[in-house]
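Chain residues, written in single-letter form:
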Number of protein chains: 2
Amino acid sequence: MSLDQNEWNEQQYEAVQRIRKRVIEVVGRNMELYGVTLSTGHLYGLLFFADKPMTLDEMGREMQMSKTSMSTGVRTLLDLKMVNKVWEKGSRKDLYEVEYDWYQTFTDYFATQWRRAVESNMQALRRAMKEIERLAQQPDTSEFMAGVLQKDLEKIRQAESYYRWLDRVIDAMEEGQLFDLVPRES
Amino acid sequence: MSLDQNEWNEQQYEAVQRIRKRVIEVVGRNMELYGVTLSTGHLYGLLFFADKPMTLDEMGREMQMSKTSMSTGVRTLLDLKMVNKVWEKGSRKDLYEVEYDWYQTFTDYFATQWRRAVESNMQALRRAMKEIERLAQQPDTSEFMAGVLQKDLEKIRQAESYYRWLDRVIDAMEEGQLFDLVPRES
DNA sequence: AAGTTCATACAGAAAAAACTGTACAGAGTT
DNA sequence: AACTCTGTACAGTTTTTTCTGTATGAACTT
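The residue numbering used here restarts from 1 in each chain and proceeds along that chain's sequence as written. Here chains are named by letter from A upward and ligands by number from 1 upward, in the order in which they appear as written. Confidence filtering applies because this is a predicted model: local features only for residues at pLDDT of at least 70, side-chain atom pairs given and counted only at 80 or more, and all residues used for totals across whole chains, interfaces and linings. Each side-chain value is worked out from all heavy atoms of the structure, with water and hydrogens disregarded.

Points about the protein's contact with DNA strand D
The full set close to DNA strand D counts 15 residues, and A:Ser39, A:Ser69, B:Ser71, B:Arg92 and B:Lys93 are the nearest of them. For the purposes of these results, a polar contact is taken to be a pair of N or O atoms within 3.5 Å, where, inside protein, one atom must be able to donate a hydrogen and its partner to accept one; residues adjacent in sequence count only when each atom of the pair is a side-chain atom. B:Arg75 is positioned such that a nitrogen or oxygen atom in its side chain is 3.3 Å from a phosphate oxygen of DNA strand D. Contact between DNA strand D and B:Asp94: a phosphate oxygen at 2.7 Å from a main-chain N or O atom of the residue. Elements are defined by DSSP. Helices are runs of H or I of four residues or more, strands are runs of E of two residues or more, and each kind is numbered from the N terminus. Going through the elements one at a time, α4 (67-79) of chain A together with α4 (67-79) of chain B are the ones with two or more residues in the surface near DNA strand D. It is α4(B) that provides the largest number of residues to the surface near DNA strand D, a total of 4 residues. When residue character is reported, Ala, Val, Leu, Ile, Met, Phe, Trp, Tyr, Cys and Pro are called nonpolar, Asp, Glu, Lys and Arg charged, and the others, Gly included, polar. Taken together, the residues that form the surface near DNA strand D break down as 2 nonpolar, 7 polar and 6 charged. Near residues are defined by distance, with any heavy atom within 4 Å of the molecule or strand qualifying the residue.

If you want it as structure tokens, here you go:
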């Protein structure tokens, strides 16, 4: 990556960097779908093309950003399992490289992020259902009120059914069944 | 929803609102996974429990927010196909209601958002591959340089293969094949 | 144990995004 | 045609997020 290896012809180096930069730009932008910042997306792109695991300092130099930013950026990417910490003897610094198995990245992302959401939503819905049922049984509940409660309950039940389905989708992904439906290449 | 229908017992009304509010809170928060603001998530929740399609003014009143915000919020939800515009004769105002078929919402979201990302990424990758191949054929390309280009090319090829897979996943979703793998309830 | 080197917590600065009020264009009504 | 009502574009303000510099504690070296 660095210029001071005399194997590099400066002009060619620039050409390679230009190509990489464009790819990084696009991939980074679309990574906002994963809920990461544009700059974190760029960091990912940098690591993607790096020929070896990088340290925080190296990243900071390349990105022209503070080491602190690299630290937090790497941490979010670690949480998303998009980069891995790598051990290398002789180095005291932490080294990081991207997870090149994007199939894995994709399914992991779903497993962690969506599962969390599904669970918290299900819990909220179930709690609400209990409350509604309790309310519906109160003696002073008018006809009108009962109707409203019934409609709410119906909506919530439908939502819950959807979440149960989504939960099974996530299961299927974790177990790799998605690859039965849509096989990976070679 | 409004209090001035005398069928409502105020205390019970409060109780219902409290339940709804908690559900809206949770669902709204998790909607950030779809890349929408917390407040847009709340707007969705409001529409979810509304017993009839709502106008922008009604939403603004309920959310205690400006009509402009409602307008933009509804627009993003429309883009995500999470709400639908509804026509009602006699009313000059636009009316909106949520799409209650969340299975549909889920697959539509993928179809639109992820397809867009896949396409733009694939285009960028293909363009980069061409560039690299062109560079590799230049006569003054050193051994070292050729190696670097080769490694970049390999990474890009791998990424492209992943995107082709993802593209097929999206196809499968659009065609409802996901429901073969994980059937919806009832 | 003293001295380095490293990652990260934290507070403040900079940048981005969300939100609002005003203004205006288009559709509908009189 | 004049008038009214509705949705949204736009500019400015407020709020939130991102980014940085400094400080600190932990791990390693001497």
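Description of the protein's contact with DNA strand C
In the vicinity of DNA strand C, 15 residues are found, and the nearest of them are A:Ser71, A:Arg92, A:Lys93, B:Ser39 and B:Ser69. Of what DNA strand C places within 4 Å of the protein, 71% of the atoms are sugar or phosphate. A:Lys67 has a polar side-chain atom sitting 3.3 Å from a phosphate oxygen of DNA strand C. Contacts to DNA strand C include A:Arg92, whose side-chain N or O atom sits 2.5 Å from a sugar or linking oxygen. Looking at the surface near DNA strand C, the elements that each hand over two or more residues are α4 of chain A together with α4 of chain B. With 4 residues, α4(A) is the largest single contributor of residues to the surface near DNA strand C.

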